[in-house]
There are 2 protein chains.
Amino acid sequence: MNLNPVAVNATVINGTAMSQMQSVERQLREMILGLEIGPGERLTERWIESRFAASRTPVRAALLRLETEGLICRDGRGWTVSPINLTELEQIAVYREAVEVAAIRITCALEDKSAVDLIEAMLDSCDAATAREEWHRVGMDFHIELARLSGNDFLVRAVRDAMTRLSRARWLEVRDEAALGRAWAEHHAVLAAVRAGDADEAARLLSTHMVGSRDRLVTSLRDDRRGLRARGFAVVAA
Amino acid sequence: MNLNPVAVNATVINGTAMSQMQSVERQLREMILGLEIGPGERLTERWIESRFAASRTPVRAALLRLETEGLICRDGRGWTVSPINLTELEQIAVYREAVEVAAIRITCALEDKSAVDLIEAMLDSCDAATAREEWHRVGMDFHIELARLSGNDFLVRAVRDAMTRLSRARWLEVRDEAALGRAWAEHHAVLAAVRAGDADEAARLLSTHMVGSRDRLVTSLRDDRRGLRARGFAVVAA
DNA sequence: GACACCAATTTGGGATACCAAGTTGGTATC
DNA sequence: GATACCAACTTGGTATCCCAAATTGGTGTC
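Residues numbered from 1 in each chain as written. Chains lettered and ligands numbered in written order. Predicted model: local features only at pLDDT ≥ 70, side-chain atom pairs only at ≥ 80, totals over all residues. Heavy atoms only, no water.

J.: What is the right way to look at the sheet that holds strand β5 (residues 78-81) of chain B in this model?
T.: The strands making up a sheet associate through hydrogen bonds between their backbones, and the pairing can be parallel or antiparallel. Residue and element names in this part refer to chain B. Read from one edge of the open sheet, three strands run β3-β5-β4, paired in antiparallel fashion. Whereas interior strands pair on both sides, the edge strands pair on one side only; in this sheet they are β3 (42-43) and β4 (72-75). As defined by bridge partners, β4 adjoins β5 across four bridges and the pair is classed as antiparallel. When the sheet's bridge partners are listed, Arg74 is paired in β5 with Trp79. Across the face of the sheet, helix α4 (residues 56-68) comes into contact with β4 and β5 while running at roughly 105 degrees to β4. (Pairing = 2+ DSSP bridges. Helix = DSSP H or I, 4+ residues; strand = E, 2+ residues; numbered from the N terminus. Contact = heavy atoms within 4.5 Å. Axes fitted to C-alpha atoms, helices over the stretch in contact; angles between N-to-C directions.)

J.: Help me understand the protein's contact with DNA strand C, please; the structure alone is not making it clear to me.
T.: In the vicinity of DNA strand C, 21 residues are found, and the nearest of them are Arg46(A), Arg77(A), Gln20(B), Ser55(B) and Thr57(B). Among atoms of DNA strand C positioned within 4 Å of the protein, sugar and phosphate together represent 48%. In the model, a base oxygen of DNA strand C is placed 2.9 Å from a nitrogen or oxygen of the Arg56(A) side chain. In this structure, a phosphate oxygen belonging to DNA strand C sits 2.6 Å away from a main-chain N or O atom of Gln20(B). Broken down by secondary-structure element, the contributors of at least two residues to the surface near DNA strand C are α3 (45-51) and α4 (56-68) of chain A together with α2 (20-33) and α4 of chain B. It is α4(B) that provides the largest number of residues to the surface near DNA strand C, a total of three residues. Here the surface near DNA strand C is composed, by residue class, of five nonpolar, seven polar and nine charged. (Near = heavy atom within 4 Å. Polar contact = N/O pair within 3.5 Å; in protein donor to acceptor, adjacent residues only side chain to side chain. Nonpolar A, V, L, I, M, F, W, Y, C, P; charged D, E, K, R; others polar.)

J.: Would you mind showing me how to read the domain arrangement of chain A here?
T.: Accessible area lost on assembly of the parts is the figure often given for the size of an interface. Residue and element names in this part refer to chain A. By domain assignment, chain A separates into domain 1 (6-81) and domain 2 (85-224). Of the residues lining the interface, nine residues belong to domain 1; the matching set on domain 2 comes to seven residues. Summed over both partners, the interface of domain 1 with domain 2 buries about 690 Å², with 61% contributed by carbon and sulfur atoms. Ranking the residues of domain 1 by area buried against domain 2 places Leu33, Leu35 and Glu69 at the top, with a combined share of 57%. Linking domain 1 to domain 2 there are zero salt bridges. (Domains from an automatic or database assignment. Buried area = accessible area lost by both parts, 1.4 Å probe. Salt bridge = Lys/Arg side-chain N within 4 Å of Asp/Glu carboxyl O.)

Structure (structure tokens):
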């Protein structure tokens, strides 16, 4: 017996109706990325079902998608929120660098550089008063949008996927004001090189930025591993 | 009422029991990659259900997975086997090149080059008497296994994903004996450079090989587009 | 106290029933 | 014959039920 009319079941965001599956997927993803469910925590389909007032069919569809995003993984017969894996983070950073550098080289060769302005505006929308959460989001979007300028959907997808997988770790990273400022400056420098069409320089700047970013990330997490574990987060180094 | 015992439901391959979902996914993937179901064909969950004697739960799980692999895509409310998209193929080729070149540079920097022998042996297992299907498989595996030497799982996954998406197109490509021989020789040359630890040369050879390969692929499909359409295959250039 | 053993519960995999929206084919009307 | 209209069917989305396997918790034995 289904007593729920569509108007009740469907979640509406920005005027667009979402299916139950999309709704569950979205909410669950936000909970995982927002660390409301910690890395390493067990998930049961039944819990999700009751938590989001959906039946198991959309729940399972959402789980399958989140698994391909790497946010959850199978744990024997059940599901687990993916632990923070330092080795994996390093590998993703290498992958990301290859893809982003390829993208920026393509972009530098393009005639129309006007889209760079939009990214620059995005960067400039952050200032000292901006919430850390917003800095975090802009820091991710910068790389995704930069890749998008290449016009290659697969490069964009790869960058987005990598950033999603790195997202929780970047959020956990202990970053001071200086680090945020440095990243901001490096992003601007990269854009300047792109605007000038200097592919080698843009690639070099971007690469340097990413290597530094990766090293600080991994070091920060490695140093704070005990603290993270104390918060109930699974952090593995294997 | 479920009358089917596990022994009937479970498909066993190589002594390993597969779930219904895995079985449906695998069979459906093979049918799509083997062009038994042509690009652009509509799929209904009910047809798959009866075709593989499974219920809709595993069918839907399989469809969700194949969607993330890019082999099928949503078509309004239904499912369609992904058409051959020439623009997409070109983008994948660019993506692939970035990833494979990054992987081979890492591999060249490694001390232990013994794994190269295994790939060389794989290449050498093909000769004039080898079936075209086998050439096809080895041609894919060469690139995947070469990436695996880097030790970076994300680079491997990216290459495997790209090769899967290119697979049908490569199978449709009109390739003569000369083309197969050239590819074989180029593969060997790449391995030689890797063994010598010459990253720049290996990257150059691999890159050249892939660019040529991509150009021939796209040209072949573009030229034969009419013939492919006549066989009922959707080929789009958008 | 350690351990083997069994029943109750939990859980994911699968099967099926139901619904709403879309499609289709036929029919009545003009 | 063209068209408006409606009923039957199709189809994906969702809810619910069943099952087997794993987990859990308690109990009796040594």
